[in-house]
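One letter stands for each residue in the lines below.
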Amino acid sequence: MLQIECPWCGARDQEEFQYGGEAHIVRPEHPESLTDLQWADYLFNRANVKGVHAEQWCHTAGCRRWFNVLRDTVSYKILAVYRPGERPPGGEE
Amino acid sequence: MRKNRYSIFSLARNAVSYHQDWSEAWHSPEPAPSYDVIVVGGGGHGLATAYYLAAEHDVGRIAVLEKGWIGGGNTGRNTTIVRSNYLWDEAAHLYEKSLKLWEGLSQELNFNVMFSQRGVMNLGHNLQDMRDIYRRSNANRLNGIDSEILTPAEIKAKVPAMNVSSDARYPVLGASFQPRGGVARHDAVAWGFARAADARGVDIIQNCEVTGIRREKGAVCGVETTRGYIGAKKVAVVVAGHASVLADMAELRFPVESHPLQALVSEPLKPVLDTVVMSNAVHGYVSQSDKGELVIGAGIDAYTGYGQRGSFSIIEGNVAAIVELFPIFSRVRMLRQWGGIVDVCPDACPIISKTPVPGLYFNCGWGTGGFKATPGSGWVFAYTVAKDEPHQLNAAFDLERFTTGALIDEHGAAGVAH
Ligand SMILES: Cc1cc2nc3c(=O)[nH]c(=O)nc-3n(C[C@H](O)[C@H](O)[C@H](O)COP(=O)(O)OP(=O)(O)OC[C@H]3O[C@@H](n4cnc5c(N)ncnc54)[C@H](O)[C@@H]3O)c2cc1C
Ligand SMILES: [Zn+2]
């Protein structure tokens, strides 16, 4: 089980949170100018990292705010938590 | 071809020597410098692929490279439910091909895979569930797949231990039932395919992790492994939860995410449940093994993970659902609980496909429900690799569908996804 540090509420049980998938995926500004391949890449392809993964979580049963987490997908250890718009610590993405 | 055919006579002969002289079921050769086809991943799907390549196609030398031991991945961790009652035509045909292969598999492999067609029941708990069940059941029958609709009274007659009273929190309103569905012995499936492939000259190489996919002028020419470089004309990757990791070795990005999926078994009980019960709405599924253990499957964790374990809260919700359905199980003690890593596609359907890299093939995305497909998946993948084009049964399951938009949306449509 995870204990997740909400940037606003502090450490809470994983049960209070909802997972939101890979972080930092930016919706293309001009979808109409993309090829089908580029659009499919945005829509469906994911890094699915084995190792340090930047991902989104929402504190659904708390402050209901979204934020980012760096988590090791093998040990499940949470390495960092940061707010939307912030860069991941260590400059990694 | 096979030196040691298993039969009543070989059993009697070996009894005389107190079963001390059985020969090994497959060899463990050193890797050759190169092969015509390398299958990466020694789960059921990889071993089945190698078997059908050797048995039905003429492709030359074949090896299966497994990073751990064969069947140690999801093949040995799943709840072994086999059925073919999928909604969409493409999926129904693929899984039904697999079910037909299951029906003759023990004979074909000369290995008892303990395939038991005890039926699979998918419960409905509300009006929408029942509408979906009628729709799927009708679609199945139009595709020639056996499917019946059961009333609560008929369910009670088949499974007396189930609580079908109307005052349950999630009352059972009915079910679909596929009589030809059932369960099989997971380890035996891996071992049976391994032994039969080995007998046809396939090299099964364990403790050999693929760490790189080497290419020459864009086309595959071999793989880097923990046991050195091995050349190959074709590389067929079937690594379930590690699909993205292998895709990354060839600079490919896949629409796959890996999630932990858990299961648990109880202490052995006297026979109490002689069919498979699945419920989508309360998300639990249960059958009883030949040893008497209740085999219970949970849902995936929402987060991605490669750790082969999941969250306790998932187990808690799962067990609550099972106890709600079967109050008499409430004091049964659980013996073991574990997790596997399942590779999930956005449309809950597999990818069995060529890739943009010539000579590189992928078979992945079976998610929470690929055990039932083991023989069929191997059969169509062997065809795809041998002919360098898909069989008509897997043509729709290519990588392209995520670009064209021709998804096969089995999410939710197929009952519980296992
Ligand atoms: C708890 C649980 C319950 C399930 N229940 C059901 C069910 O009831 N019915 C059903 O139909 N399906 C079920 N499934 C899904 C099913 O188990 C899988 O879809 C299926 O087993 C996948 O088969 P496979 O051979 O591709 O995978 P695996 O058996 O996982 O084989 C993949 C192999 O690749 C190897 N590998 C990975 N990386 C490398 C590398 N770099 N080099 C070499 N080898 C590598 C792994 O070690 C592994 O042995 C369940 C899964 C789980 C986890
Ligand atoms: Zn919060």
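Starting from 1, residues in each chain are numbered consecutively following that chain's sequence as written. Written order decides the labels, with chains lettered from A and ligands numbered from 1. Totals for whole chains, interfaces and linings use every residue, but because this is a predicted model, local features are given only for residues with pLDDT of at least 70 and side-chain atom pairs only at 80 or more, for both listing and counting. In computing side-chain properties, one takes all heavy atoms of the structure into account and sets aside hydrogens as well as water.

1. Observations regarding the pairing of strand β5 (residues 66-72) of chain A
Regular strands have side chains that alternate between both faces of the sheet.
Residues and elements named next belong to chain A.
Then comes step 1: For every residue, the accessible area obtained with a 1.4 Å probe (protein chains only) is divided by the maximum for its type, and the residue is called buried under 20%, exposed over 50%, and partly exposed between those limits. Elements are defined by DSSP. Helices are runs of H or I of four residues or more, strands are runs of E of two residues or more, and each kind is numbered from the N terminus. Across the seven residues that make up β5, a large majority, five, are buried.
Then comes step 2: Inspection of the sheet shows strand β4 (residues 52-58) paired to β5 by seven bridges, in the antiparallel sense. Considered in β5, the bridge of V52 is made with D72.
Then comes step 3: Direction of pairing for β5 relative to strand β6 (residues 78-82): antiparallel, over a ladder of four bridges. Looking at the pairing, N68 lines up with Y82 of β6.
Then comes step 4: DSSP-based pairing: two strands are paired if at least 2 bridges between them are found. Counted between consecutive antiparallel strands, the loop separating β5 from β6 contains five residues, among which Y76 sits at a positive phi close to 65°.

2. Digging into the site of ligand 1
Residue and element names in this part refer to chain B.
Then comes step 1: Near, as used in this document, describes a residue that has one of its heavy atoms within 4 Å of the molecule or strand being considered. E66, N74, T75, T79 and K372 are the nearest of the 37 residues found near ligand 1.
Then comes step 2: The definition of a polar contact used here is a pair of N or O atoms within 3.5 Å, where within protein one atom must be able to donate a hydrogen and the other to accept one, and adjacent residues in sequence count solely through side-chain atom pairs. Contact between ligand 1 and G367: an oxygen atom at 3.4 Å from a main-chain N or O atom of the residue.
Then comes step 3: G370 has a polar backbone atom sitting 2.9 Å from an oxygen atom of ligand 1.
Then comes step 4: Exposure was quantified through the Shrake-Rupley algorithm and a 1.4 Å probe, taking into account, for residues, occlusion by the shown protein chains and nothing else. Burial of ligand 1 by the protein chains amounts to 97% of its free accessible area of 1,000 Å².
Then comes step 5: Sorting elements by how many residues they give to the shell around ligand 1 places strand β12 (residues 257-268) first, with three residues.
Then comes step 6: By the convention adopted, Pro, Cys, Tyr, Trp, Phe, Met, Ile, Leu, Val and Ala count as nonpolar, Lys, Arg, Asp and Glu as charged, and the other residues, Gly among them, as polar. The class makeup of the residues in the shell around ligand 1 is 14 nonpolar, 18 polar and five charged.

3. Regarding the state of the cysteines
All names here are of chain B.
Then comes step 1: Cysteine sulfur atoms that come within 2.5 Å of each other are treated as a disulfide pair. For the structure on display, the rule yields zero disulfides over all chains.
Then comes step 2: Here C221 is not disulfide-linked; the sulfur of C208 is the nearest cysteine sulfur, at 16 Å.
Then comes step 3: Given the relative accessible area of 18%, C221 is considered buried.
Then comes step 4: Looking at C345, it has no disulfide partner, and the nearest cysteine sulfur is the one in C364, 5.9 Å off.

4. Looking at the sheet that holds strand β5 (residues 148-150) of chain B
Residues and elements named next belong to chain B.
Then comes step 1: Pairing within the open sheet is mixed, and its eight strands lie in the order β5-β6-β4-β13-β14-β15-β12-β16. Both edges of this open sheet fall to β5 and β16 (334-344), since each of them pairs with a single strand only. Each strand of the sheet is rotated relative to its neighbour by a mean of 20°, with strand direction disregarded.
Then comes step 2: When β12 meets strand β15 (residues 293-300), the two strands line up antiparallel, connected through five bridges. By the bridge assignment, P268 is partnered in β15 with E293.
Then comes step 3: Any two residues whose heavy atoms approach within 4.5 Å at even a single point are treated as in contact. Fitting a line to C-alpha atoms yields each axis, with helices limited to the stretch in contact; the angle taken between N-to-C directions then spans 0 to 180 degrees. Helix α9 (residues 312-325) rests against β4 (120-124), β12, β13 (276-279), β14 (284-288), β15 and β16 of the sheet, and its axis sits at about 130° to β15.

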